[in-house]
Amino acid sequence: MTSAEHSPLTRKLSAFVALSEVELAVLERLHQRRRSFVAGRDMVHQGQSAHAAYILSSGWVCSYKLQADGTRQIVDFQVPGDFLGLRSVLLRTSDHSFEPIVDIEAAEVLASDLLDAFARTPRLATAILWAASRDEAMVVEHLVGIGRRDADARMAHFLLELGSRLALVGVGSREGFDCPLTQYHLADTLGLSAVHVNRVLRQLREHGLVTFRDGRVTFHDYGGLVDLAEFDPAYLDQTGPLLK
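Predicted, not measured: the structure shown is a model, and the values here were computed from it.

Caption draft 1: Layout of unusual backbone geometry. With a phi close to 55°, aspartate 214 is a non-glycine residue in the positive phi region. Here aspartate 214 lies in the loop between strand S9 (210–213) and strand S10 (216–219). Positive phi, close to 50°, is recorded for glutamate 230, a residue that is not glycine. We classify glutamate 230 as exposed; its relative accessible area is 68%.

The following block contains the structure:
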């Protein structure tokens with residue numbers, strides 16, 4: 001039994017494919033270069049070339065783009081089991097930055113490691129493609145949220161999505177989850193001001209739907225929050241393995 005067998009990435013990929021011993025062994029090799037990173041210091045910066053990808057083992061990371069005026073748009077948050085820079089490592093230059101929100105542990109993965117793994121285990125390659133496609137589906141939902149959902153629904157949808165993602169890797173549930181994000185993180189993600197974020201969270205709390213306080217998101221009325229956000233988790237595609 002390998003440590004990769006119980007890693008967050010394995011739990012995540014198992015929603016798509018029932019991994020074999022050979023595939024687990026390849027995943028174990030992808031986890032060999034383990035590194036630690038401190039909060040607040042970019043792992044990969046926008047415009048960087050010749051960099052690695054990473055598999056996040058513990059902690060939270062944000063991916064973001066900087067504008068010419070110094071403002072930033074957070075594209076997404078990475079949680080345990082997520083790849084960091086999977087797309088960028090196969091391109092020449094990273095189009096955005098990755099910053100740990102807390103101290104994290106991650107496995108460094110070179111492009112040659114990925115290509116070797118894909119050649120050895122096509123089913124594992126398909127599973128990683130599934131994970132990348134799922135990430136793209138989340139970006140689509142975030143775009144719809146910023147463009148078309150009002151602030152309450154936008155916040156509700158975002159918190160429900162985070163809860164579902166964390167539940168997949170065993171660190172969240174319909175009761176809630178630990179969350180290190182600040183109101184400034186939420187503002188830069190959802191296209192709101194920090195003052196507006198504070199107001200929205202207060203309204204959701206006062207309506208008995210959800211509380212975000214002291215690093216913990218607590219769902220009080222999960223179904224009511226789903227109705228408010230019109231949250232359909234089908235795009236997360238995590239109901240069970242498609243490949244046996």
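Back to the text.
Caption draft 2: Just the side chain of lysine 12, in detail. Note on placement: lysine 12 falls in helix H1 (residues 8–13). A relative accessible area of 2% means that lysine 12 is categorised as buried. Ignoring anything within four residues of it in the chain, the contact list for lysine 12 reads Gly81, Asp82, Trp130, Ala131, Arg134, Asp135, Leu168 and Val169.

Caption draft 3: Here's a closer look at the environment of alanine 187. Along the polypeptide, alanine 187 turns up in helix H7 (residues 183–190). In this structure the C-alpha to C-alpha distance between alanine 187 and leucine 84, which are 103 residues apart in sequence, comes to 22 Å. When neighbours within four sequence positions are excluded, alanine 187 is seen to be in contact with Leu192, Ser193, Ala194 and Val197.

Caption draft 4: Spotlight on the sheet that holds strand S6 (residues 97–100). Across the sheet, which stays open at both edges, the three strands sit in the order S4-S3-S6 with antiparallel pairing between neighbours. Edge positions in the open sheet fall to strand S4 (72–78) and S6, since each of these has one partner strand only. Direction aside, the axes of adjacent strands within the sheet are offset by 30° on average. Bridge analysis of strand S3 (residues 61–66) against S6 gives four bridges, and the strand direction is antiparallel. Bridge pairing links tyrosine 64 to serine 97 in S6.

Caption draft 5: Fine view of the sheet that holds S9. With antiparallel pairing, three strands are arranged side by side in an open sheet as S8-S10-S9. Edge positions in the open sheet fall to strand S8 (176–178) and S9, since each of these has one partner strand only. Each strand of the sheet is rotated relative to its neighbour by a mean of 5°, with strand direction disregarded. Sheet analysis places S9 next to S10, joined by four bridges and oriented antiparallel.

Caption draft 6: Geometry of the packing of helix H6 (residues 151–168) against helix H8 (residues 194–206). Here H6 crosses H8 at 75°, and the two axes come no closer than 10 Å. Here H8 runs roughly perpendicular to H6, going by the angle between their axes. In contact with Ala151, Asp152 and Met155 of H6, H8 contributes His196, Val197, Val200, Leu201, Gln203 and Leu204. The class makeup of the residues in the contact of H6 with H8 is six nonpolar, two polar and one charged.

Caption draft 7: Representation of the UniProt feature "domain: HTH crp-type" (unreviewed entry) in the protein. The UniProt entry lists residues 149–223 under the feature "domain: HTH crp-type" (unreviewed entry), expressed in the numbering used here. Between the end C-alpha atoms of residues 149–223 there is a gap of 18 Å, over a span that is 55% helix and 15% strand.

About the thresholds
- Residues numbered from 1 in each chain as written.
- Predicted model: local features only at pLDDT ≥ 70, side-chain atom pairs only at ≥ 80, totals over all residues.
- Heavy atoms only, no water.
- Helix = DSSP H or I, 4+ residues; strand = E, 2+ residues; numbered from the N terminus.
- Buried < 20%, exposed > 50% of the residue type's maximum accessible area, 1.4 Å probe, protein only.
- Contact = heavy atoms within 4.5 Å.
- Pairing = 2+ DSSP bridges.
- Axes fitted to C-alpha atoms, helices over the stretch in contact; angles between N-to-C directions.
- Parallel < 35°, antiparallel > 145°, perpendicular 65-115°, else oblique.
- Nonpolar A, V, L, I, M, F, W, Y, C, P; charged D, E, K, R; others polar.
- UniProt positions renumbered as here; feature names shortened; annotations may be inferred.

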